Amino acid sequence: MPACAACTIVSGNRLSYARVLARSFRACHQDIPFFVLLADEPVAAVDPAAEPFTLVTLADLDVPDLPRLRFHHPQQPFSYACTPWLIEWLHARGVDRVVYFKQETLILDDVSGLFDRLATSPIVVTPHLPQPLGADGAERELNILLSGVYNVGVLGVARHASAREFLTWWADRLRYDCRHAVEAGLHFEQRWVDLAIAYFDGVHVERDPAYNVGHWSLPERAVTRAADGRVQVDGRPCRVFRFSGYRPEEGDRMTTYNARLPWEGLGVVRELVRGFREALEHDGYWETREWPYAYERFDNGVRVAETARQIYRTQGDAVARFGDPLSTGGSGSFWRWLHSHPPESDLSRFWKAIYDSRPDLQGAFPDTRGDGARAFMTWARHSGLAEHQVPEAMLTGSDR
Amino acid sequence: MSVVRGGVAICTAITANFAAFARVWARSIRDAGHRDPLFAIVTERSSALGDWNEPLFTSVPIEACGLPDLTRQTFINPPHELTVLAAAGPPLRAGAGFDTAIFLDSDVWVLDDLALLVETAAAHAITLSPHLLAPLRGSDRAARELTMLRSGTFNGGAVAVSNRPEGHRFLEWWLGRLSTHNRMAPGAGMHHDQRWLDLAPGFFERCGCRARRGVQRGTGIFPSAASTSGRAGRRSPEARAGSCTLSGFDPARPEVLSRHTTRVTRETLGEAALLLDAYASALAEAGHDLARTTPFSYAAFDNGIPIPLQARETYRDLGQTSARFGDPFATGPGCFLEWLLSASDEPGPGRGLPRLWRAVYDRRPDLQQAFADPAGVDRSGFVRWVRASGLQEHAIDPALAMDEGAATPPA
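Owing to the predicted nature of the structure, the values given are computational and were not obtained by experimental measurement.

*Asks:* When you look at the overall build of chain B in this model, what are you seeing that I'm missing?
*Replies:* A count of helical and extended segments in chain B gives 17 helices and eleven strands. Taking as baseline every contact in chain B between residues at least 6 positions apart, the subset at least 24 positions apart corresponds to 66%.

*Asks:* Hey, could you run me through the overall build of chain A in this one?
*Replies:* Scanning chain A for helices and strands turns up 15 helices and 14 strands. Relative to a compact globule of 400 residues, whose C-alpha radius of gyration would be 21 Å, chain A shows 23 Å and is just as compact. Principal-axis analysis of the C-alpha atoms gives chain A an extent of 75 × 50 × 45 Å. Out of the 400 residues in chain A, the part that is buried amounts to 48%. When contacts within chain A are restricted to residue pairs at least 6 apart in sequence, long-range pairs at least 24 apart make up 69% of them.

*Asks:* How should I be thinking about the nonpolar core in this particular structure?
*Replies:* Across soluble globular proteins, nonpolar side chains show a tendency to be buried alongside one another. In this structure, Cys7, Val36, Leu37 and Leu86 of chain A together with Ile41 of chain B are the most contacted members of the largest nonpolar core, which totals 198 residues. For this core, the element with the most residues is helix α1 (residues 19-31) of chain B, which contributes eight residues. Dropping the residues within four chain positions of it, Leu37 of chain A is found in contact with Cys7, Ile9, Val56, Cys82 and Leu86 of chain A. Ala311, Leu340, Trp357 and Ala375 of chain B belong to the second-largest nonpolar core, a separate cluster that totals 23 residues.

*Asks:* Looking at this structure, I do not really get the packing of helix α1 (residues 15-28) of chain A against helix α9 (residues 268-282) of chain A. What am I missing?
*Replies:* Angle between the axes and distance between the axes: these two values describe a pair of packed helices. All names here are of chain A. Running from N to C, α1 and α9 cross one another at 115°; their axes reach a closest spacing of 8 Å. With respect to α9, the axis of α1 lies roughly perpendicular. Seen along the crossing, α1 lies across α9 with a hand that is right-handed. Residue-level contacts link Ser16, Tyr17 and Val20 of α1 to Phe276, Ala279 and Leu280 of α9. Of the residues that constitute the contact of α1 with α9, the class distribution is five nonpolar, one polar and no charged.

*Asks:* What should I look at first to understand the environment of Tyr355 of chain A in this one?
*Replies:* Residue and element names in this part refer to chain A. The topology assignment puts Tyr355 in helix α13 (residues 349-356). Classification of Tyr355 as buried rests on a count of 20 C-beta atoms within 10 Å. Measuring from C-alpha to C-alpha, the distance between Tyr355 and Thr368 comes to 9.0 Å, with 13 residues separating the pair along the chain.

*Asks:* Honestly, the sheet that holds strand β12 (residues 231-233) of chain A in this entry has me stumped. Any pointers?
*Replies:* In any sheet, the strands associate via hydrogen bonds between backbone groups, in a parallel or an antiparallel arrangement. All names here are of chain A. Read across the open sheet, the three strands follow the order β11-β12-β13; overall the sheet is antiparallel. At either margin of the open sheet sits one strand with a lone partner, and together these are β11 (223-225) and β13 (236-237). The pairing of β12 with β13 spans two bridges and is antiparallel. Its bridge partner being in β13, Val233 is matched across the sheet by Arg236. Lying on the sheet, α9 is in contact with β11 and β12; it crosses β11 at an angle near 80°.

*Asks:* Help me out: how do you make sense of the interface of chain A and chain B in this one?
*Replies:* Interface size is often expressed as the accessible area that is lost when the parts come together. Counting residues at the interface gives 36 residues for chain A and 32 residues for chain B. If you list the elements that add at least two residues to the side of chain A that touches chain B, you get α6 (138-147), α7 (161-176), α8 (193-199) and β10 (203-205) of chain A. Per-element tally for the side of chain A that touches chain B: the top contributor is α6 of chain A, with six residues. By residue class, the composition of the side of chain A that touches chain B is 23 nonpolar, five polar and eight charged.

*Asks:* When you look at unusual backbone geometry in this model, what are you seeing that I'm missing?
*Replies:* With the exception of glycine, most residues fall at negative phi, and the peptide bonds are largely trans. Positive phi outside glycine occurs at Gln389 of chain A, with the angle close to 50°. The class for Gln389 of chain A is exposed, based on 11 C-beta atoms found within 10 Å. In the Ramachandran plot, His192 of chain B falls in the positive-phi region, its phi being about 50° despite a non-glycine side chain. Along the polypeptide, His192 of chain B turns up in the loop between β9 (190-191) and α8 (194-197).

*Asks:* Explain the sheet that holds strand β7 (residues 150-158) of chain A here, please?
*Replies:* All names here are of chain A. Spatially, seven strands are ordered β3-β2-β1-β4-β7-β6-β10 in an open sheet, and the strand pairing comes out mixed. Each end of this open sheet is capped by a strand with a single partner; those strands are β3 (54-57) and β10. Recorded for the sheet is a direction-independent mean angle of 25° between the axes of neighbouring strands. Summarising the sheet, strand β2 (residues 34-38) and β3 pair through four bridges and their orientation is parallel. Within β3, the position partnered with Phe35 by the bridge is Thr54.

*Asks:* Would you take a moment to explain the environment of Val125 of chain A for this structure?
*Replies:* Residue and element names in this part refer to chain A. Within the secondary structure, Val125 is located in strand β6 (residues 123-127). According to the C-beta neighbour criterion, Val125 is buried, with 25 such atoms within 10 Å. Val125 sits 247 residues away from Gly372 along the chain, and the two C-alpha atoms are 54 Å apart. Ignoring any residue separated from it by four or fewer positions in sequence, one finds Val125 in contact with Tyr150, Leu155, Val193, Val203, Val205 and Glu206.

*Asks:* Teacher, can you tell me more about α13 of chain A here?
*Replies:* One turn of the α-helix equals 3.6 residues, which is why residues spaced by three or four share an orientation. All names here are of chain A. Of the residues making up α13, those classed as buried are Phe350, Trp351, Ile354 and Tyr355. Axial view of α13: buried residues confined to an arc of 135°, hence all on one face. Elements in contact with the buried residues of α13: α11 (306-314), α12 (334-338), α14 (359-364) and α15 (370-387).

*Asks:* Explain the pairing of strand β2 (residues 38-42) of chain B to me, please; I cannot follow it from the model alone.
*Replies:* Across a regular strand the side chains alternate sides, sitting on one face of the sheet and then on the other. Residue and element names in this part refer to chain B. Judged by how many residues are buried, β2 sits mostly within the fold: five of five residues are covered. Covered by surrounding structure in β2 are Leu38, Ala40 and Val42 together with Phe39 and Ile41, the residues of both alternating faces. With five bridges joining them, strand β1 (residues 8-14) and β2 adopt parallel strand pairing. Within the sheet, the bridge partner assigned to Ala13 lies in β2 and is Ile41. In terms of handedness, the path from β1 via α1 over to β2 forms a crossover that is right-handed. Inspection of the sheet shows β2 paired to strand β3 (residues 58-61) by four bridges, in the parallel sense. Within β3, the residue paired with Phe39 across the bridge is Thr58.

*Asks:* Got a minute to help me understand the packing of α11 of chain A against α13 of chain A in this structure?
*Replies:* Residues and elements named next belong to chain A. Viewed as axis vectors pointing N to C, α11 and α13 meet at an angle of 90°, and their least axial separation amounts to 10 Å. In this view, α11 runs roughly perpendicular relative to α13, as classed from their interaxial angle. For the pair α11 and α13, contact is made by Thr307, Ala308 and Ile311 and by Arg349, Phe350, Ala353 and Ile354, respectively. Here the residues of the contact of α11 with α13 are counted per class, giving five nonpolar, one polar and one charged.

*Asks:* Looking at this structure, I do not really get the confidence of the model for chain B. What am I missing?
*Replies:* Low-confidence regions, as indicated by low pLDDT, have predicted coordinates that should not be scrutinised in detail. Residue and element names in this part refer to chain B. Confidence in the prediction for chain B averages 84 pLDDT; 84% of positions are at 70 or higher. Low pLDDT, under 50, characterises residues 207-219; the stretch is placed with 48 contacts to residues that sit more than four places away or in other chains. Scored below 50 in pLDDT, residues 223-241 shows 53 contacts in the model against residues more than four places distant or in partner chains. In the model output, the complex is listed with pTM 0.90 alongside ipTM 0.94.

*Asks:* When you look at the environment of Leu136 of chain B in this model, what are you seeing that I'm missing?
*Replies:* Residue and element names in this part refer to chain B. Here Leu136 shows up in the loop between β6 (126-128) and α6 (141-151). Under the C-beta neighbour-count criterion, Leu136 is labelled partly exposed, with 18 such atoms within 10 Å. Setting aside its immediate chain neighbours within four residues, Leu136 contacts Arg141, Arg144 and Glu145.

Definitions and cut-offs
Residues numbered from 1 in each chain as written. Chains lettered and ligands numbered in written order. Predicted model: local features only at pLDDT ≥ 70, side-chain atom pairs only at ≥ 80, totals over all residues. Helix = DSSP H or I, 4+ residues; strand = E, 2+ residues; numbered from the N terminus. Contact = placed C-beta atoms within 7 Å. Rg over C-alpha atoms; globule rule 2.2 N^0.38 Å. Buried ≥ 20, exposed ≤ 12 C-beta atoms within 10 Å, placed from the backbone. Core = buried A, V, L, I, M, F, W, Y, C linked by C-beta atoms within 7 Å. Axes fitted to C-alpha atoms, helices over the stretch in contact; angles between N-to-C directions. Parallel < 35°, antiparallel > 145°, perpendicular 65-115°, else oblique. Left-handed = near helix turned anticlockwise from the far one by under 90°. Nonpolar A, V, L, I, M, F, W, Y, C, P; charged D, E, K, R; others polar. Pairing = 2+ DSSP bridges. Arc of directions from axis to C-beta. Right-handed = clockwise from strand over helix to strand, strands pointing away. pLDDT = per-residue confidence, 0-100.

Here it is as structure tokens:
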């Protein structure tokens, strides 16, 4: 294995992002391999040998209780939760310096500086904002405090004892808590990294904005083109550009996360966005986006509702008895348990969890036995399915 | 403030009823062998302090600190928030004449040499103190770390700034943010002064810091040596310096470590619980029983009516348009209090209620459900609620209660 490697993580239906990122990286660094973890089941249509990267599968990693982890989180958060595992896997295979880029990224110029920094600092993080905003910037800074001081779309981790501690800790926290719940202090995998600077030796905060330009920093950054056509930020080479929240379906829109970024005022960024879309399309965006995510449904075809994931997460190690939670066969499956009734109610455990989470429903339906349960299920059919984005099959526990 | 050029200054900020805490704080620093000048910014009116003099520290009234927009700040901030603001302000400004200014909360009890903190502070532009130094263990590890993520990676009770450009830039920024966003609102990303500190390592340049835990750049990270509100739980083995932050400790209830946590009890503290007894004794010797009764001198309008928190928040939300009232503490024609008690003319179900009670009504869905038309057909019921419950629930003086008659017409 080489001393340095770059990597990203995608599910099958986001494979075009990995292709575009890997190609852009290789254009700048032909000597550094690029690895892509497929956070999904292998896709028959993909020939690893034909890809511009080295494909890593979940089966390659040493993730304990993988069926549980992939059930804890839906598609995107699951891919985020795999980040420490992929980096650790690369370290275990002898890679000394790993730089992870989140999938919606273009490498525009030499990023050797990140690898070089890892020679002296085992963990390299990039802040969303490398300097205070102006006097009227408090609200934007508060938004950053809610989503994480550091943007983990670019993260460097060297093979080092301190970094190993970091990865072990991060993987542990992400097993259950890789969700968007800002009121609880969570923003997927990202908020956790705010603690890393206090916990681990050798955290370097890379404040050069050229290594992570995204929608959050565009109001302060001048993105231009030099005479030779290279993209610059604040007059210096722009090395990493992030398209966080960009969706080709949205057309001329930089990101779904920031409605205050006017397309008309984006200048060179508009060219980058359009170029990124063309690159995605060239690399099969419209085809791959239709590929099903393997862990989205129970094996009877019913989509896994977020409430089911929540219930599963709160059961802790007791879920071990269910085996693979996506498997619905047999009386001991999670699916069967979810549709069984707790002793105190005629509602299934699934609907009882929704009932317990909502004081308004408890007021409206004080009794969850007999007629009370039937009345509740009438609400569930007419309103609950839509309000909680629940598949209809969860009304009866029947297969699709 | 008397200015000593060069060297280290150690400072704190208190309201007068925390005087005993500052005395114990100062005594503990002296007992640890430090001879640096000690300052306590007292967030009270000079007129209320009289000739207050302390043998161990210099008490500086907030009026002498050059805090921008002082009258507004003393009105919008309740006592705790005002001391937090004072902490970020002039006492920490290295420009006040010191090479290094170290702020320690008044409930910090220094138990050992602070040399490591002084050394770290001198070597960095900004020195911060994390709540936690290493990943937690135990079944509640994630939940406890999430609590920290909501309240701040760094503890605002121990911050040092040195006389470097980055130190000055940090203080300008921090004070600016606290001037407008200094309250407890974790859902909005705020935890008084504290959450803002999380941004500092990303914002400010390195300046010759040395490598140690978590430090590779300009923001020094100093290990809190012992329990912070019982959250760190135990002394860090690598911490040389010793200080104990007893945030939320009430000497009247020494059996409780902190009002901020129920997780750590006297039993779980073991021998460390003896510290609580000793601290309570020290506070008693320092005159806490008398000091704690001292009223906050920014607590009332000039007619003596206590300022409710809702009035402070309403004034804050007016922003710079509040300037038309002049001194918000003053009462008389055209004053803020008169406006506050006049009928609201903003559209909505609460239109016509006194603005003070309209603000209360607007923030409470339960009241909106119970009194759909509080200024009309439900007015009697709403007034009954105000008198029976509202005054107490919102700590509002009866003089500001509304009656069943029509409110004063909009001003």
